[in-house]
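# Examining the three-dimensional arrangement
The residues making up each chain are set out below.
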Amino acid sequence: MLREALSKYICGEQSFLYFVNERGRVDKIIITVIEVPLYICSKCGEQFSNGPDNIRFAKQVKEAVEMGIKKIRF
């Protein structure tokens, strides 16, 4: 999937795209999602992702729990 490498954060500064491992949780079950696309603000360091990626992250966590695995690739 192609995506912009730069985005603006609400503070107006440039944010750069990184792919990081993030954890999600369903009840007490913690799942690691590998290579989640996140933008990180160059000024304040805040992390954010776009709406479709948030939805996909939640689906990946739920799917991993249903399959009984602890890690899943984004």
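I will try to describe carefully the structure that is included in this document. (Residues numbered from 1 in each chain as written. Predicted model: local features only at pLDDT ≥ 70, side-chain atom pairs only at ≥ 80, totals over all residues. Heavy atoms only, no water.)

### Details of the nonpolar core
- Formed by Ile31, Val33, Val36, Leu38, Val61, Ala64, Ile72 and Phe74, the largest nonpolar core amounts to eight residues.
- Breaking this core down by element, the ones donating at least two residues are strand E3 (29-41) and helix H1 (51-67).
- Filtering out sequence-adjacent residues up to four positions away, Val61 remains in contact with Gly24, Arg25, Val26, Ile31 and Val33.
- Counting residues in hydrophobic clusters, the runner-up holds five residues, among them Tyr9, Leu17, Cys41 and Phe48. (Core = buried A, V, L, I, M, F, W, Y, C linked by side-chain atoms within 4.5 Å. Buried < 20%, exposed > 50% of the residue type's maximum accessible area, 1.4 Å probe, protein only. Helix = DSSP H or I, 4+ residues; strand = E, 2+ residues; numbered from the N terminus. Contact = heavy atoms within 4.5 Å.)

### A word on the packing of aromatic side chains
- Applying the stated rule across the entire model yields one aromatic pair.
- Between the NZ or CZ atom of Arg56 and the centre of the ring of Phe74, over which it lies, the distance is 4.3 Å. (Phe/Tyr/Trp six-rings, centres within 6.5 Å; stacked < 30°, edge-to-face > 60°. Lys NZ or Arg CZ within 6 Å of the ring centre and 35° of its normal.)

### Notes on the pattern of salt bridges
- Under the definition given, this model contains one salt bridge.
- As a salt-bridge pair, Arg73 and Glu35 come within 3.2 Å of each other at their nearest N and O atoms. Here Arg73 is found in strand E5 (residues 71-73), whereas its partner Glu35 is found in strand E3, with 38 residues between them in sequence.
- For Arg73, a relative accessible area of 52% puts it in the exposed group.
- By relative accessible area, Glu35 is classed as partly exposed at 41%. (Salt bridge = Lys/Arg side-chain N within 4 Å of Asp/Glu carboxyl O.)

### Regarding the pairing of E3
- Pairing of strand E2 (residues 14-26) with E3 involves eleven bridges; the strand directions are antiparallel. Paired with Ser15 across the bridge in E3 is Cys41.
- Hairpin connection, E2 to E3: the antiparallel pair is bridged by two residues, and Asp27 has positive phi, about 55°.
- The sheet contact formed by E3 and E5 spans three bridges and is parallel. Residue Val33 lies in a different strand from E5, and its bridge partner there is Ile72.
- Here E3 folds back onto strand E4 (residues 47-48), and the loop between the two strands holds five residues, one of which, Gly45, carries a positive phi near 80°. (Pairing = 2+ DSSP bridges.)

### As for unusual backbone geometry
- Despite not being glycine, Asp27 shows a phi value in the positive range, around 55°.
- Relative to the assigned elements, Asp27 resides in the loop between E2 and E3.
- Phi angles above zero are rare outside glycine, and Glu35 is one such case at about 60°.

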